[in-house]
Amino acid sequence: GDLPCLYTHVSKSAAARQRIKLAMQDLLGQVPVNIALDMLIGGHWGGLYPWLLEADDEYDTWRAELFALIDNGADIIAYPTLLYMLDGLKLVPAEGFNEWDHAHLETAYSTIEAMLVRGA
């Protein structure tokens, strides 16, 4: 028979998303901060972790992890962090993504502003 599609399983299962997020959060703490930054932003990793956080409306988690990496020395100047972040913002939600309300936009704008202050 056909094997289940991982994307379909993960998109339909909150428990599966949670297990993957916990594993990725553990991995973020084990790799160099610039690789963790790449995972968090989406960059070369294709955005699995940001997609998981967005699917469960965890923008504040994403923001806290971003600034923890920056505070631990992630190089946001030599890396196109702000560009990746802006590219990843879904201001017009796609099917299956959360609607952006005022609180989401405030989080996004204050994150961009804080990154600019840090030199991004």
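Residues numbered from 1 in each chain as written. Predicted model: local features only at pLDDT ≥ 70, side-chain atom pairs only at ≥ 80, totals over all residues. Heavy atoms only, no water.

Examining the overall build of the chain
The helix and strand inventory of the chain stands at seven helices and zero strands. Secondary structure elements of the chain occur, N-terminal to C-terminal, as α-α-α-α-α-α-α. The buried share of the chain, reckoned over its 120 residues, is 36%. Per element, the accessible surface of the chain, about 7,200 Å² overall, is 58% carbon and sulfur. (Helix = DSSP H or I, 4+ residues; strand = E, 2+ residues; numbered from the N terminus. Buried < 20%, exposed > 50% of the residue type's maximum accessible area, 1.4 Å probe, protein only. Areas by Shrake-Rupley, 256 points an atom, 1.4 Å probe, with all protein chains shown as cover.)

Let's talk about the environment of Asp57
Inspection of the secondary structure puts Asp57 in the loop between helix 4 (48-55) and helix 5 (59-71). Residues Asp57 and His104, 47 residues apart in the sequence, show an inter-C-alpha distance of 9.1 Å.

Here's the deal with the packing of helix 3 (residues 33-41) against helix 5
For the pair helix 3 and helix 5, interaxial distance at closest approach is 10 Å and the crossing angle is 160 degrees. Judged by the inter-axis angle, helix 3 sits roughly antiparallel to helix 5. The crossing of helix 3 and helix 5 is left-handed. Between helix 3 and helix 5, the residues in contact are Val33, Ala36, Leu37, Leu40 and Ile41 and Trp62, Glu65, Leu66 and Leu69, respectively. For the contact of helix 3 with helix 5, a count of residues per class yields eight nonpolar, no polar and one charged. (Axes fitted to C-alpha atoms, helices over the stretch in contact; angles between N-to-C directions. Parallel < 35°, antiparallel > 145°, perpendicular 65-115°, else oblique. Left-handed = near helix turned anticlockwise from the far one by under 90°. Contact = heavy atoms within 4.5 Å. Nonpolar A, V, L, I, M, F, W, Y, C, P; charged D, E, K, R; others polar.)

What about the pattern of salt bridges?
Taken as a whole, this structure holds one salt bridge when the rule is applied. The shortest N-O distance in the salt bridge between Arg118 and Asp71 comes to 3.9 Å. Of this pair, Arg118 sits in the segment after helix 7 (102-117) while Asp71 is found in helix 5, placing the two residues 47 residues apart along the sequence. (Salt bridge = Lys/Arg side-chain N within 4 Å of Asp/Glu carboxyl O.)

Some thoughts on helix 4
Residues spaced three or four apart along an α-helix point in a common direction, a consequence of the helix completing one turn every 3.6 residues. Of all the eight residues making up helix 4, six are buried; the element is thus mostly covered by neighbouring parts of the structure. Packed against the buried residues of helix 4 are helix 1 (6-12), helix 2 (14-28), helix 3 and helix 5. Of the residues one or two after helix 4, Asp57 is the one with positive phi, at around 60 degrees.

What about the environment of Tyr49?
Counting through the fold element by element, Tyr49 comes out in helix 4. Take Tyr49: its relative accessible area is 1%, and that puts it in the buried class. As a C-alpha pair, Tyr49 and Arg17 span 32 residues in sequence and 9.5 Å in three-dimensional space. Once residues lying within four places of it in the same chain are set aside, the contact partners of Tyr49 are Lys21, Met24, Gln25, Leu28, Met39, Leu40 and Glu65.

Overview of the environment of Asn72
Considering the arrangement of structural elements, one finds Asn72 in the loop between helix 5 and helix 6 (81-88). The exposed category is assigned to Asn72, whose relative accessible area is 58%. Separated by 38 residues in the primary sequence, Asn72 and Asn34 place their C-alpha atoms 9.8 Å from one another.

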